[in-house]
Amino acid sequence: MQLLRTSDADFEAKFAKVVRDRRESDAQVGRDVSTILNEVRERGDSALVEYTTRFDQHNLSSDEDWSISKEACKAAYDGLDAELRDALGTAATRIRAYHEGQLPENRDYTDNIGMRLGARWSAVDAAGLYVPGGRAAYPSSLLMNAIPAKVAGVERLVVTTPTPKGEANDLVLAAAHIAGVDEIYRVGGAQAIAALAYGTERIGRVDVVTGPGNAWVAEAKRQLYGVVGIDMVAGPSEILVIADKDNNPEWIAADLLSQAEHDPTSQSILITDDRGFASQVMDQIDLEFLKLPTAKTAKASWDDHGLVVLVDSLDEAPALSDRLAAEHVEIATADPEAIFAKLRHAGSVFLGRMAPEAVGDYIAGPNHVLPTGRRARFASGLSVLDFMKRTSFIGVSEDALNAIGPAAVRLAEAEGLPAHALSISRRLS
């Protein structure tokens, strides 16, 4: 863990290094993934069988070995503890309501020269969702990916998820039942992304692939963008907490660890204007390592990538935050709106002392699939728009073409495209 002070002479050099640090896949991962993608494209199901046996110790032989039925998902849902079933239902209801508010409106109007213009939104035909099943299985991620797709109007929703030694996670299956998933295949890793993008004998190709995964999954999505649409290339999780001294240090320590426990490459950062409070938080983190079940992962993340930044004033925080463009930003101050108003780059922002990032992971409503690795400078979290496309349309009357056609002809001629000019001029009165 690093401790930096903005007043130190070498602060800029050290902070710039943190900003540049990608913490993502290396060249070898890229080469490995390229090989896997090619194998699946060329050999289809046979390649999936080999990779699934090698990586998941699961033999894809019978239909039951390949896929998980809707009946099995319903049984998993029915078998849940009632309180847990209600929690999943509450989360799904809130996620659905939030994303229904994102549905775009079509446009159709006639302008002042009589030309009809507009745009029509429609859902993609099929979407593929990747659900991790290795280090952890996340029913919340399935809900966050599947529900926006269904709200958008996607008719065929396919999930791929690894089932090590054939073991599926009942919570994930229950979430699939709630979200209305159509197909689930027991395939994981880069090979699953390849199957969704190219299609195989058993797995029909899709138009968009979304969902979190490890470095190989992220790299597969990056390499296949263009063959298939993707939500984003996601890297390790990140949290930035901007906090004043009036916070409970136990709360802030837990917030920082909530992302550190995801993966050893995750990053947790605290910005505060009080040295004593920073020390209390760091001490509390050390205490949590003694009892946290995920302490090994969280400690590796905190030791290697954790950062505490001491500022002279919290007025410095927005500019520092924007440079990091973090996935999650908590503003735990007396006046969070003042800092929020100055922020430009963040995946999702959590306002006030009672808004831990973890509430957004599960049940608040906005999507928890968010840009990492400073991509919040130009990208947004997953939404219904990731499962939709916009088609513009133009209707031209004779009067409208006569009004603007000559200008179009001049532009076509200036670009050296005479056939373009002819296609317009021959229609002019």
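Now for a look at the structure at hand. The model shown is predicted, which means the values in this text are computed figures rather than measured ones. (Residues numbered from 1 in each chain as written. Predicted model: local features only at pLDDT ≥ 70, side-chain atom pairs only at ≥ 80, totals over all residues. Heavy atoms only, no water.)

1. Quick look at the overall build of the protein chain
Now for step 1: Across its full length, the protein chain carries 18 helices and 14 strands.
Now for step 2: Projecting the C-alpha coordinates of the protein chain onto the three principal axes gives extents of approximately 80 × 60 × 45 Å.
Now for step 3: Going through the 429 residues of the protein chain one by one, you find that 48% of them count as buried.
Now for step 4: Considering only contacts in the protein chain between residues 6 or more positions apart, those separated by 24 or more positions represent 75%.
Now for step 5: A distance of 5 Å separates the average location of the 44 positive side-chain charges in the protein chain from that of its 63 negative side-chain charges. (Helix = DSSP H or I, 4+ residues; strand = E, 2+ residues; numbered from the N terminus. Buried < 20%, exposed > 50% of the residue type's maximum accessible area, 1.4 Å probe, protein only. Contact = heavy atoms within 4.5 Å. Lys, Arg positive; Asp, Glu negative; His and termini not counted. Charge placed at Lys NZ, Arg CZ, Asp CG, Glu CD.)

2. Digging into the packing of aromatic side chains
Now for step 1: Applying the stated criterion across every chain, the model contains two aromatic pairs.
Now for step 2: Taken together, a centroid distance of 5.3 Å and an interplanar angle of 20° make the contact between F11 and F15 stacked. Pair noted here: F11 and F15 are both in helix α1 (residues 11-20), with a separation of four residues, about one helical turn. Comparing F11 with F15 shows no difference in burial state: the two are buried.
Now for step 3: R85 extends its terminal NZ or CZ atom over the ring of Y77, reaching a point 5.8 Å from the ring centre. (Phe/Tyr/Trp six-rings, centres within 6.5 Å; stacked < 30°, edge-to-face > 60°. Lys NZ or Arg CZ within 6 Å of the ring centre and 35° of its normal.)

3. Regarding the pairing of strand β10 (residues 267-272)
Now for step 1: Buried residues dominate β10, accounting for six of its six residues.
Now for step 2: Burial of β10 is two-sided: the residues Q267, I269 and I271 facing one way and the residues S268, L270 and T272 facing the other way are all buried.
Now for step 3: In this view, the connection linking strand β9 (residues 238-243) to its parallel neighbour β10 by way of helix α11 (residues 249-260) has right-handed handedness.
Now for step 4: Taken together, the four bridges between β10 and strand β11 (residues 307-310) define a ladder with parallel strand orientation. Opposite I271, over in β11, you have V309 as the bridge partner. (Right-handed = clockwise from strand over helix to strand, strands pointing away. Pairing = 2+ DSSP bridges.)

4. Regarding the packing of helix α2 (residues 27-43) against helix α10 (residues 215-224)
Now for step 1: Running from N to C, α2 and α10 cross one another at 65°; their axes reach a closest spacing of 9 Å. Relative to α10, the element α2 is oriented roughly perpendicular. Here the hand of the crossing between α2 and α10 comes out right-handed. Taking contact as the criterion, the partners of V29, G30, D32, V33, S34 and L37 in α2 are, on α10, A215, W216, E219, A220, Q223 and L224.
Now for step 2: Its residues assigned to classes, the contact of α2 with α10 comprises seven nonpolar, three polar and two charged. (Axes fitted to C-alpha atoms, helices over the stretch in contact; angles between N-to-C directions. Parallel < 35°, antiparallel > 145°, perpendicular 65-115°, else oblique. Left-handed = near helix turned anticlockwise from the far one by under 90°. Nonpolar A, V, L, I, M, F, W, Y, C, P; charged D, E, K, R; others polar.)

5. Notes on unusual backbone geometry
Now for step 1: One non-glycine residue, Q57, lies in positive phi territory at about 50°.
Now for step 2: Here Q57 falls in the partly exposed class, since its relative accessible area comes to 47%.
Now for step 3: Its identity is not glycine, yet K165 carries a phi of approximately 55°, on the positive side.
Now for step 4: Mapped onto the elements, K165 comes out in the loop between β5 (156-160) and α8 (170-179).

6. Side note on the sheet that holds strand β3 (residues 116-123)
Now for step 1: Read from one edge to the other, the open sheet built from three strands follows the order β2-β3-β14, with strand pairing classed as antiparallel. Each of the sheet's edge strands pairs with one partner strand only, and the pair in question is β2 (107-110) and β14 (388-395). Across the sheet, the mean angle from the axis of one strand to that of its neighbour is 15°, orientation sign disregarded.
Now for step 2: Inspection of the sheet shows β3 paired to β14 by eight bridges, in the antiparallel sense. If you follow A123 over to β14, its bridge partner there is M388.

7. Brief notes about the pattern of salt bridges
Any two side chains of opposite charge can pair, given that their charged atoms come close.
Now for step 1: Taken as a whole and judged by the stated rule, the model has 16 salt bridges.
Now for step 2: Between R222 and E219 there is a salt bridge, with the nearest N and O atoms lying 2.6 Å from each other. Taken together, the residues span about one helical turn, with R222 and E219 both in helix α10 at a distance of three residues.
Now for step 3: Look at R222 and you get partly exposed, because its relative accessible area is 46%.
Now for step 4: Residue R353 is joined to D244 by a salt bridge in which the shortest nitrogen-to-oxygen separation is 2.8 Å. Here D244 lies in the loop between β9 and α11 and R353 lies in the loop between β13 (348-351) and α16 (357-362), a separation of 109 residues in the sequence. (Salt bridge = Lys/Arg side-chain N within 4 Å of Asp/Glu carboxyl O.)

8. Notes on the side chain of K221
Now for step 1: Residue placement: K221 occurs in helix α10.
Now for step 2: For K221, the side chain forms a polar contact with the side chain of D231, separated by 2.7 Å.
Now for step 3: In this structure K221 touches I193, V209, T210, G211, I230, D231 and M232, once residues within four positions along its chain are discounted. (Polar contact = N/O pair within 3.5 Å; in protein donor to acceptor, adjacent residues only side chain to side chain.)

9. What to know about α1
Now for step 1: Along α1, the residues that are buried comprise F11, F15, A16, V18 and V19. Taken end-on, α1 shows its buried residues confined to a sector of 155°, consistent with a single buried face. Opposite the packed face of α1, turned more than 90 degrees from it, sit the exposed residues A13, K17 and R20.
Now for step 2: Where α1 is buried, its residues contact β1 (2-5), β10, β11 and α14 (317-324). (Arc of directions from axis to C-beta.)

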